[in-house]
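# Report on the structure
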Amino acid sequence: MQLLSALNARLSRWTMYLACLCLACLLMIVVYGVIMRYVFNNAPPYVEQVALLLIISVSMFGASAGVRDAGHIGLDSLVKVLPARIQFWCKVLVYLLSMTFAVALFAGSAEMATSTWDNTIPTIGLSEAVRYVPVLIAGVLITLFAIEHLVAQFTGTEVIKSWH
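First, a word on what this report is: a plain description of the structure on this page. Quick caveat, the model's predicted, so the values are computed rather than measured.

To continue, consider the layout of surface pockets. Approximately 160 Å³ is the volume found for the second largest pocket. What lines the second largest pocket is I29, V30, G33, V34, R37, Y38, A43, P44, P45, V47, E48 and A51. Those elements that place two or more of their residues in the lining of the second largest pocket are α1 (2-38) and α2 (47-68). Examining the composition of the lining of the second largest pocket, we find that six residues originate from one element, α1, more than from any other. Grouping the constituent residues of the lining of the second largest pocket by class yields nine nonpolar, one polar and two charged.

Below, the structure written as structure tokens:
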């Protein structure tokens, strides 16, 4: 468990760093696009596609780090009034559902990446499959993080957040 926790803590931290870097790049590319369009009347055609790739990256990396640190949205007001044993199984169910979602996310994005591999994003010249790389990575990370939470739940330990 300690090895998994250490690995996941590091992965989560680096994932959040990557999400922050993508967010900063998103800000720069959008500001650049606005300046080029409205000041110089010369809108670069690639800005929209690069911004879209960065939005996908920010959301997927941020979501996976949120799962590790249990930062996802939860309606726990009802669960908190339930007996401890039922609370335990509600948490198990949440992480099993998170894993199911992550596996479906991975499988769906892998299928989309393989089906769009030969297509090219016209303005930037990359394969359409590039759009699905952050989603594939997030699927793997969410699965790892949910497994860690399940193991912690059954061993009675606590997952220490990456961001204190």
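This part covers the nonpolar core. Counting six residues, the largest nonpolar core is built from C22, L26, I29, V47, A51 and L54. Excluding its chain neighbours within four sequence positions, the residues that come into contact with C22 are L54, S57 and V58.

A separate point is helix α5 (residues 133-155). For α5, with 23 residues, the first-to-last C-alpha span of 33 Å sits near the 33 Å given by 1.5 Å per residue. Phi turns positive one or two residues past the end of α5, at G156, with a value near 75 degrees.

With that settled, consider the packing of α2 against α5. At their nearest, the axes of α2 and α5 sit 8 Å apart, and the two run at 5 degrees to each other. Judged by the angle between their axes, α2 and α5 are roughly parallel. Note on element contacts: α5 touches α2 through P134, V135, I137, A138, L141, I142, F145, E148 and H149, opposite I56, S57, M60, F61, S64, A65, V67 and R68. Tallied by class, residues from the contact of α2 with α5 come to twelve nonpolar, three polar and two charged.

For the rest of this paragraph, the subject is the state of the cysteines. Here the structure, examined in full by the defined rule, presents zero disulfides. No disulfide involves C20; its sulfur sits 9.4 Å from that of C22, the nearest cysteine.

The rules behind these values
- Residues numbered from 1 in each chain as written.
- Predicted model: local features only at pLDDT ≥ 70, side-chain atom pairs only at ≥ 80, totals over all residues.
- Heavy atoms only, no water.
- 1 Å grid on protein atoms, 1.4 Å probe; cavity = no way out; pocket = protein on both sides within 12 Å on 5 of 7 lines; lining within 4 Å.
- Points joined across faces, edges and corners; volume = space filled by probe spheres on them.
- Helix = DSSP H or I, 4+ residues; strand = E, 2+ residues; numbered from the N terminus.
- Nonpolar A, V, L, I, M, F, W, Y, C, P; charged D, E, K, R; others polar.
- Core = buried A, V, L, I, M, F, W, Y, C linked by side-chain atoms within 4.5 Å.
- Buried < 20%, exposed > 50% of the residue type's maximum accessible area, 1.4 Å probe, protein only.
- Contact = heavy atoms within 4.5 Å.
- Expected span 1.5 Å × (residues − 1).
- Axes fitted to C-alpha atoms, helices over the stretch in contact; angles between N-to-C directions.
- Parallel < 35°, antiparallel > 145°, perpendicular 65-115°, else oblique.
- Disulfide = S-S within 2.5 Å.

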